[in-house]
Amino acid sequence: MRNTVAQETLRTAALVVAAGSGARAGAHLPKQYVEVAGKPLLRHALEPFMRHARVDMVQVVVGSGQEELFAQATQGLELPAPVIGGATRQQSVLNGLRALATLGERAPEAVLIHDAARPFLPTAIIDALLATLGEADGGLPALEVVDTIKRVDEHGIIVETPPRASLRAAQTPQAFRMREILSAHEAVAGLQVEFSDDAQVAEHAGMKVKAIMGAAQLRKITHAEDFRWAAEMAAKLAGDADTDT
Ligand code: CTP
Ligand code: MG
């Protein structure tokens, strides 16, 4: 069993991957730079980390050639220079982890790996994820699924129907100890398999990763119509904040 006291003092970084092209969203620029409620998605995604007392640094990974977009989107925020990402999300995360590992004394001990395309991260989820490092090797927010999920073969023929109660839809951020997730990523870097999230990389290394309760507001912006949802969510969250005060 891991020590929860130690886990509370881990130097922690948020690693936000924003190096995708946003092909499915079909916007005129990569979706993470599209504005929602007057702010680029990326800036929405960064703010919960910038405000959080337990997060010591926020590192962004951007696409090659997107440095200017990054500079505009993050104007006024205190951030280190961005790391340049790769052709896949997995490669972008690896580039980010490697850069964090070179910081020596200032290198983080825990890392929260997050998609820039998820703009509305509840603060309580950051706390709950960091708490998982006291009892597991990693943690992620996940939602129960409402549809029955089928596994199909290349012809669309159903191969399996896993029991729905055991299924979860994975979200980010995903929390790990820095050294463990870096070596897990290095171990799969040469394989011809693409891992779609970091928990899968961790599982491959035999790490125990705990799913905690995710949130509907953590939805990833993927398609054009998701921007309409994002605008409504931003308005709702702004309204909630007003009634809180
Ligand atoms: N990402 C990344 N580097 C890549 C691909 C994706 O950093 N080479 C990031 C995206 O910027 C995004 C997150 O990973 O924040 C989740 O990926 P996804 O939603 O698939 O974004 P895109 O790859 O940009 O979109 P699409 O697949 O539609 O092109
Ligand atoms: Mg993608």
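Refer to the structure presented above.
From a predicted model like this one, the values you see are computed outputs, not experimental measurements. (Residues numbered from 1 in each chain as written. Chains lettered and ligands numbered in written order. Predicted model: local features only at pLDDT ≥ 70, side-chain atom pairs only at ≥ 80, totals over all residues. Heavy atoms only, no water.)

J.: Would you mind going over the site of ligand 1 in detail, with residue names and values included?
T.: The local shell around ligand 1 holds 19 residues, among which G22, A23, R24, S92 and K220 are the closest. Between ligand 1 and the protein, one listed contact pairs an oxygen atom with a backbone N or O atom of A19 at 2.9 Å. For ligand 1, a nitrogen atom lies 2.7 Å from a polar atom in the side chain of S92. Across the complex, the protein chains shield 87% of the 560 Å² of accessible surface that ligand 1 would expose by itself. Of all the elements in the fold, those that place two or more residues in the shell around ligand 1 are β1 (12–18) and α4 (89–101). (Near = heavy atom within 4 Å. Polar contact = N/O pair within 3.5 Å; in protein donor to acceptor, adjacent residues only side chain to side chain. Areas by Shrake-Rupley, 256 points an atom, 1.4 Å probe, with all protein chains shown as cover. Helix = DSSP H or I, 4+ residues; strand = E, 2+ residues; numbered from the N terminus.)

J.: If you had to explain the environment of I157 to someone new, which residues and values would you point to?
T.: Assignment of secondary structure puts I157 in the loop between β8 (151–152) and β9 (158–160). Taking C-alpha positions, I157 is 45 Å from G38, a pair spaced 119 residues apart along the chain. Apart from the residues lying within four places of it in its own chain, the contact partners of I157 are R151 and V152. (Contact = heavy atoms within 4.5 Å.)

J.: Can you lay out the nonpolar core for me, pointing to particular residues and giving the numbers?
T.: Formed by 27 residues in total, the largest nonpolar core has its most connected members in L42, F49 and L112. Among the elements of the structure, β1, α2 (41–51), β4 (57–62), α3 (67–73), β6 (110–115) and α5 (123–132) are those that each provide at least two residues to this core. If one sorts the elements of this core by residue count, α5 sits on top with four residues. The residues touching F49, leaving out its near neighbours within four places in the chain, are A14, V16, V55, V58, L112, H114, L121, I126 and P173. Residues V17, V83, L182 and A184 belong to the second largest nonpolar core, which totals 23 residues. (Core = buried A, V, L, I, M, F, W, Y, C linked by side-chain atoms within 4.5 Å. Buried < 20%, exposed > 50% of the residue type's maximum accessible area, 1.4 Å probe, protein only.)

J.: Run through the packing of α4 against helix α6 (residues 178–188), naming residues and quoting values.
T.: The packing of two helices is summarised by the inter-axis angle and the distance between the axes. It is at 10 Å that the axes of α4 and α6 come closest, and there the two elements cross at 135°. Judged by the angle between their axes, α4 and α6 are oblique. The handedness of the crossing between α4 and α6 comes out as left-handed. Along the contact surface, α4 presents Q90, V93, L94, L97, R98, L100 and A101, while α6 presents M178, I181, L182, H185, E186 and V188. Class assignment for the residues of the contact of α4 with α6 results in nine nonpolar, two polar and two charged. (Axes fitted to C-alpha atoms, helices over the stretch in contact; angles between N-to-C directions. Parallel < 35°, antiparallel > 145°, perpendicular 65-115°, else oblique. Left-handed = near helix turned anticlockwise from the far one by under 90°. Nonpolar A, V, L, I, M, F, W, Y, C, P; charged D, E, K, R; others polar.)

Remember, this is a structural readout, not a statement about activity or role.
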